[in-house]
Number of protein chains: 2
Amino acid sequence: KLQNTSTMVYNTITSLVRLSLQLAKAPIFALTNSTFRKSMTGQRWATLYDELCELRREISSLEGLLNLADWDQQVGMPTGGGEARARQMGALTAVLARMRKDPKIGEILAVLETEEVRNEMDEMQLAMLRECRRSFNKYSRVPDDLIREETELSSMSYNIWVEAREKSDFSLFAPYLQQLVDIRRKIALLIAPDREPYDTEIDQYEKGMSAARIEAIFNELKAGLLPLIKKLDEAKESHVSEALAEDSDHLKNYGPFDVAVQEEVCKHIAEKIGFDFEKGQLNTSVHPFTISYHPTDVRITSRYDEEYFAEGLMGAIHEVGHALYEQGRKCTDEMDDLPINEALSMGVHESQSLFWERMIGQSAEFWEGVGAPLMHEYFDKLKPLSPSFFYKSINRMQRSLIRVSADEVTYPLHIVIRFELERGLFDGSIKVEDLPREWNRRYVEYLGIEPPNDAEGVLQDSHWSGGCFGYFPSYTLGAMIATQLFAAAQQCIPNLKEEIRKGNLRVLHPFLREKVWERGSIPPSADALVKEATGEELSCKPFLQYLDEKYSRLYC
Amino acid sequence: KLQNTSTMVYNTITSLVRLSLQLAKAPIFALTNSTFRKSMTGQRWATLYDELCELRREISSLEGLLNLADWDQQVGMPTGGGEARARQMGALTAVLARMRKDPKIGEILAVLETEEVRNEMDEMQLAMLRECRRSFNKYSRVPDDLIREETELSSMSYNIWVEAREKSDFSLFAPYLQQLVDIRRKIALLIAPDREPYDTEIDQYEKGMSAARIEAIFNELKAGLLPLIKKLDEAKESHVSEALAEDSDHLKNYGPFDVAVQEEVCKHIAEKIGFDFEKGQLNTSVHPFTISYHPTDVRITSRYDEEYFAEGLMGAIHEVGHALYEQGRKCTDEMDDLPINEALSMGVHESQSLFWERMIGQSAEFWEGVGAPLMHEYFDKLKPLSPSFFYKSINRMQRSLIRVSADEVTYPLHIVIRFELERGLFDGSIKVEDLPREWNRRYVEYLGIEPPNDAEGVLQDSHWSGGCFGYFPSYTLGAMIATQLFAAAQQCIPNLKEEIRKGNLRVLHPFLREKVWERGSIPPSADALVKEATGEELSCKPFLQYLDEKYSRLYC
């Protein structure tokens, strides 16, 4: 039987056969200009629309491979393979950049965007047109040289930021940050010459949003949060001894928890929530993430802290939320692999992860019916702990300096601060050199604590060092949308909380599928999606109400 | 700590930053024709050569991702992801097809191939020129329509072949096989109009080889093997009782062997042979294979039979042999990611896997010093078995019908039969409908056994159904080259067999590295490589001598 081990070579050949079949089906998208012009005469727009879809599908397929390469890099790649992988991903990114700005896309769009064609299109086709235009402008309007310059700058800046944070010295990073703001402004003005650059930045992550709209929401949110936090803190102080007891009796004191068992618990929960393991995987990585190649192949990762199982568990629930959104996308011919089938925005994506993490995973019903029984089953030493102990232990409010470890009550203030500063940087009202002062002033004013140094202050997040501005608001928009969706789900699903207590978590799928997952990028903005899904405007009121009720009950 | 779970989105952004840095470094290979012409004036050929290298490096990087997608598909992809993966690989294959026949490559080659430039080139550059020309002709001379036609035909034919084999009815497959031969002939004549089509087919897998050269070798091989097999069989018959005892006392009777432990043993052996786990992985798959994205990331798989550990073990050793060749390629600037750094041929690749599988893994010294002690260590129940028992158990000669399960003595005759038939099909001397008769006649004549049906005869291999002709000879050329390399290694390395007995298997690396791994595709053929490495012509004599000595000792 020794020769039974087929050689790599023959395997490669059979793959090529399989592949080349796909090649045969693939569109020849490198039609010359003249072919294109000829094909336009006497042709209905539907043919052009189909051609646009084919071009976009090929892009989507290649993006899937880019995601696979990224996943492999984070999950299992041999350590020595890093450099070659970077070159591979760079080569595919370059191919994608050329395809995304293929002039033929521009020519097709110009025809389809005429009034008479638009009048004949349905909602989906109009959305497709909108999304293709957004992408085409983004990729075709910025010259290669500028992209290269920005890329080199952000890469260098990232390294400088790492050093600056280690030394806790913002002044090292400041000149780079200034250049990053300048170049991002320049790029934004090329993409949308008539728009405020910061709005264009926001639009990348949260389409259809603007700084003005976010400001209105965030001002109301701030106005509600500041007194709430004050009230909760006062309540905590009036029960000093209890609060202290709380700290000493934290779940963290019950470790260690075997990592393999934690992983099993997470798979169990993922299954219960409805993650489809035939269309996805759960792996381990340094930072938890969700990556999707297609709705039929969505991979999530979590990480496990031996001392504190809630880290891995809540991380897994969070990623399962992202993954359900990705797996729930519609694979019909009109949607599959097209931009209208992509997640609507970062805020909506976060609304899905936070829906499951906070509305479900941090709820009393979940810990009564699912969480505590599961913990008792897998970890003998947790058997004495009541559901309410778990619930209280993972729901704590505590003013703090670091965004990523903040609780759900104080987290939005970290975001509001970043939003205000970014906006100021982009409209020139805040100078880069004043950033640490402006940062610290707001932490004192909103959170009542002052960062002792830049590392725990203005240098804590990597976003800006990568030239990423306008992303932060999405985190909190997501939290707000999650509460609004949960409230709407309660209207639709009889006895929802009771179902959660019974562990019937999948009862939520039809609602989310219809209202969010299958809507893809058809609604033009998170605002529009929330209105469609809940009948209400996107607003911070339900979020504030949720926090007030939950934490007043916990602390007051 | 709950928000510590970074979202997929932010991860994606940081990846893009990292990626776009690579993009910035990537060559702009879509230079227009006019740019190209301008750049030629007053420029030395070295610049064009560099440009050619850049074009080829980008292709190599993308091929790496295609291999990753294939690996993932075979090792871990969720079952639901198959269709999307096929589309993804198809899209990348289409991109690669366009890049491989980029007219700019043709233009550069035309300049570099002039006499005066060639006179200034060194060995490596000339080899690079040769390999780029080979690839460019192969991809640019066949029109897309024909490739599409062939691809659809092979895909359909594969399915028909599966059915025909199930029903053991060659007549179902015959018309497709005829069309496959016709289309492959047509393609071969487009690639090399002045060459025999079958020679062009062979050249794809075994460059620099021809049917005439293989025929000469195989005739000599056949003339040596037929009497050897007869002699060994007579010896077996004269010790009938012993042979029977042998059968009843086979290793297979000592199972089951825990699969996880088998895997550990294989990792142990892989490590001992010198597989670099920092630049590779060992995984499990349905069919063992080796896949390489780059010398720094080479992944092998094996499979494990609970009843028979030698299956997984020898499979792993075989794949480690392939992998060492891939990991051993030279990553200098002049070689890395270029066609001259690819494996020279399928025969040379097989010589590396068979070197380790047969010359080492099936040797008495290996079982004395490494194999038996390891088996005793991991499997208590094998402790009573002597090294010689293991050695005899995995080295058995037995005439049989099925190529993939044949032993090393009879295996070459399976190959000779296929070679003779393929050659006849291509030169018209054998008709497709006569194939089963011609097949069976040869099995009787060379191996003394007649296939009872088509499934165990002419329909047993999938190669032809995928339009793959001219590949089979490489298996046996590889076996011959392995013995020649081992003989040469014995000249170079003092007490080689003693070193093997001591488990110092890595002592072979410097020899193989210098003679084979780092030579890549610089020598123009396996013939040239063997001459370089051993000082002798590629020949079947050392192979016949090896088999005669080894099996005479075992059986006579």
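Rules used throughout
- Residues numbered from 1 in each chain as written.
- Chains lettered and ligands numbered in written order.
- Predicted model: local features only at pLDDT ≥ 70, side-chain atom pairs only at ≥ 80, totals over all residues.
- Heavy atoms only, no water.
- Helix = DSSP H or I, 4+ residues; strand = E, 2+ residues; numbered from the N terminus.
- Rg over C-alpha atoms; globule rule 2.2 N^0.38 Å.
- Buried < 20%, exposed > 50% of the residue type's maximum accessible area, 1.4 Å probe, protein only.
- Areas by Shrake-Rupley, 256 points an atom, 1.4 Å probe, with all protein chains shown as cover.
- Lys, Arg positive; Asp, Glu negative; His and termini not counted.
- Charge placed at Lys NZ, Arg CZ, Asp CG, Glu CD.
- Contact = heavy atoms within 4.5 Å.
- Pairing = 2+ DSSP bridges.
- Axes fitted to C-alpha atoms, helices over the stretch in contact; angles between N-to-C directions.
- Parallel < 35°, antiparallel > 145°, perpendicular 65-115°, else oblique.
- Left-handed = near helix turned anticlockwise from the far one by under 90°.
- Domains from an automatic or database assignment.
- Buried area = accessible area lost by both parts, 1.4 Å probe.
- Salt bridge = Lys/Arg side-chain N within 4 Å of Asp/Glu carboxyl O.
- Polar contact = N/O pair within 3.5 Å; in protein donor to acceptor, adjacent residues only side chain to side chain.
- Expected span 1.5 Å × (residues − 1).
- Bend = angle between axes of the 7 residues up to and from the residue.
- Phe/Tyr/Trp six-rings, centres within 6.5 Å; stacked < 30°, edge-to-face > 60°.
- Lys NZ or Arg CZ within 6 Å of the ring centre and 35° of its normal.

## Points about the overall build of chain A
Step number 1: The helix and strand tally for chain A stands at 24 helices and 3 strands.
Step number 2: For chain A, whose C-alpha radius of gyration is 25 Å, the value lies close to the compact-globule estimate of 24 Å for 556 residues.
Step number 3: Seen through its C-alpha atoms, chain A measures out along the principal axes to roughly 80 × 70 × 50 Å.
Step number 4: Burial status across chain A gives 60% buried among its 556 residues.
Step number 5: Accessible surface for chain A amounts to roughly 21100 Å². Of this, 51% is attributable to carbon and sulfur atoms.
Step number 6: For chain A, the distance from the average position of its 65 positive side-chain charges to the average position of its 88 negative side-chain charges is 2 Å.

## Concerning the environment of B:Glu263
Step number 1: For B:Glu263, the location among the structural elements is in helix H13 (residues 259–273).
Step number 2: Setting aside residues up to four positions removed in sequence, B:Glu263 forms contacts with B:Thr284 and B:Tyr304.

## What to know about the pairing of strand E2 (residues 290–294) of chain B
All names here are of chain B.
Step number 1: Within E2, 5 of the 5 residues are buried, which leaves it mostly tucked inside the rest of the structure.
Step number 2: Sheet analysis places E2 next to strand E3 (residues 297–302), joined by 4 bridges and oriented antiparallel. For Ile291, the partnering residue across the bridge sits in E3 and is Arg299.

## Focus on the packing of helix H14 (residues 309–327) of chain A against helix H16 (residues 364–378) of chain A
Residues and elements named next belong to chain A.
Step number 1: Where H14 meets H16, the axes come as close as 13 Å, and the angle between the chain directions of the two elements is 125°. In terms of axis orientation, H14 runs oblique to H16. The crossing of H14 and H16 is right-handed. Between H14, through Phe309, Leu313, Met314 and Ile317, and H16, the contact on the second element is made entirely by Phe366, Trp367 and Met375.

## Some remarks on the environment of A:Glu368
All names here are of chain A.
Step number 1: Tracing the sequence through the fold places Glu368 in helix H16.
Step number 2: Overall, Glu368 belongs to the partly exposed group, its relative accessible area being 39%.
Step number 3: If sequence neighbours within four positions are ignored, Glu368 has contacts with Pro373, Pro387 and Arg501.

## A look at the domain arrangement of chain A
All names here are of chain A.
Step number 1: By domain assignment, chain A separates into domain 1 (32–140) and domain 2 (257–389 + 492–555).
Step number 2: Using C-alpha coordinates to define each centre, domain 1 is positioned 30 Å away from domain 2.
Step number 3: Roughly 1900 Å² of surface becomes buried between domain 1 and domain 2 when both sides are summed, with 60% attributable to carbon and sulfur atoms.
Step number 4: Considering only the side of domain 1, the residues that lose the most area to domain 2 are Arg57, Trp71 and Met124, jointly responsible for 32% of the buried surface there.
Step number 5: Our enumeration of links across domain 1 and domain 2 arrives at 1 salt bridge.
Step number 6: On the surface where domain 1 and domain 2 come into contact, there are 8 residue pairs in polar contact (both at pLDDT 80 or more).
Step number 7: Looking at the side of domain 1 that touches domain 2, the elements with two or more residues in it are helix H3 (45–75) and helix H7 (123–140).

## Some thoughts on the pattern of salt bridges
Pairing between side chains of opposite charge can happen when the charged atoms of each approach one another.
Residues and elements named next belong to chain A.
Step number 1: What the rule picks out here adds up to 91 salt bridges over all chains.
Step number 2: Linking Arg213 and Asp527 is a salt bridge whose minimum nitrogen-to-oxygen distance equals 2.7 Å. Of the two residues, Arg213 sits in helix H11 (residues 211–238) while Asp527 sits in helix H23 (residues 526–534), which places them 314 residues apart along the sequence.
Step number 3: The exposure class assigned to Arg213 is partly exposed, which follows from its relative accessible area of 26%.
Step number 4: In the salt-bridge network here, residues are joined through shared partners; they are Arg130, Glu131, Arg134, Arg195, Asp203 and Lys207.

## Observations concerning the sheet that holds strand E3 (residues 297–302) of chain A
Residues and elements named next belong to chain A.
Step number 1: Read from one edge of the open sheet, 3 strands run E1-E3-E2, paired in mixed fashion. Every interior strand has two partners, whereas the edge strands, strand E1 (280–284) and strand E2 (290–294), have only one. If you compare each strand with its neighbour and ignore which way they point, the axes differ by 15° on average.
Step number 2: Strands in contact with H3 are E1, E2 and E3; relative to E2, the strand with the most contacts, it is inclined by about 145°.

## Quick notes on the side chain of B:Glu499
Residue and element names in this part refer to chain B.
Step number 1: In this fold, Glu499 is placed in helix H21 (residues 496–501).
Step number 2: Within the buried core, Glu499 has no salt-bridge partner, and the shortest N-O distance to an opposite charge, that of Lys502, equals 4.6 Å.
Step number 3: A polar contact of 2.6 Å, which involves the side chain of Glu499, links it to the side chain of Asn504.
Step number 4: With near-sequence residues (within four places) excluded, Glu499 lies in contact with Pro494, Asn504 and Val507.

## Describing unusual backbone geometry
It is generally the case that most residues other than glycine have a negative phi and that most peptide bonds are trans.
Step number 1: Residue A:Pro256 follows A:Gly255 across a cis peptide bond; omega there is -5°.
Step number 2: Relative to the elements of secondary structure, A:Pro256 occurs in the loop between helix H12 (240–248) and helix H13 (259–273).
Step number 3: In this structure, B:Ser168 takes a positive phi of about 50° despite not being glycine.
Step number 4: Non-glycine residue B:Asp337 carries a positive phi angle of around 65°.

## Considering the sheet that holds E3(B)
Strand pairing in a sheet takes place through backbone hydrogen bonds and is either antiparallel or parallel in direction.
Step number 1: Read from one edge of the open sheet, 3 strands run E1-E3-E2 (chain B), paired in mixed fashion. Each of the sheet's edge strands pairs with one partner strand only, and the pair in question is strand E1 (280–284) and E2 of chain B. For this sheet, the mean angle separating the axes of adjacent strands, direction not counted, is 15°.
Step number 2: Packing of helix H4 (residues 82–100) of chain A onto the sheet brings it into contact with E2 and E3 of chain B, and relative to E2(B) it is tilted by some 75°.

## Considerations on helix H16 (residues 364–378) of chain B
Residues and elements named next belong to chain B.
Step number 1: In this model, H16 (15 residues) spans 20 Å end to end at C-alpha, consistent with the 21 Å of a helix rising 1.5 Å per residue.
Step number 2: Along H16, the sharpest change in direction is near 40° and occurs at Gly371; proline Pro373 comes one to four residues later.
Step number 3: Among all positions in H16, only Glu365, Phe366, Trp367, Val370, Gly371, Ala372, Leu374, Met375 and His376 are buried.
Step number 4: Where H16 is buried, its residues meet H13, helix H14 (309–327), helix H15 (346–360), helix H17 (387–394) and H21.

## As for the packing of helix H18 (residues 411–427) of chain B against helix H20 (residues 472–492) of chain B
Residue and element names in this part refer to chain B.
Step number 1: Interaxial distance between H18 and H20 falls to 8 Å at its minimum, and their mutual angle equals 145°. H18 and H20 meet at a crossing whose hand is left-handed. Note on element contacts: H20 touches H18 through Phe472, Pro473, Tyr475 and Thr476, opposite Tyr411, Pro412, Ile415, Arg418, Phe419 and Glu422.

## Topic: the packing of aromatic side chains
Step number 1: One pass over the full model with this rule turns up 54 aromatic pairs over all chains.
Step number 2: Each ring, one from B:Trp367 and one from B:Phe390, has its centre 5.2 Å from the other, and the planes form 10°; the classification is stacked. Taken together, the residues B:Trp367 in helix H16 and B:Phe390 in helix H17 connect sequence positions 23 residues apart.
Step number 3: A relative accessible area of 1% places B:Trp367 in the buried class.
Step number 4: For B:Phe390, a relative accessible area of 0% gives the class buried.
Step number 5: Note on B:Trp439 and B:Trp464: the rings are 6.3 Å apart at their centroids and 85° apart in plane angle, and the pair reads as edge-to-face. In this pair, B:Trp439 is assigned in helix H19 (residues 435–447) and B:Trp464 in the loop between H19 and H20, connecting sequence segments 25 residues apart.
Step number 6: The residue whose ring lies beneath A:Arg299 is A:Trp71, and the NZ or CZ to ring-centre distance is 4.4 Å.
Step number 7: Note that A:Lys381 overlies the ring of A:Phe257, its terminal NZ or CZ placed 5.0 Å from the centroid.

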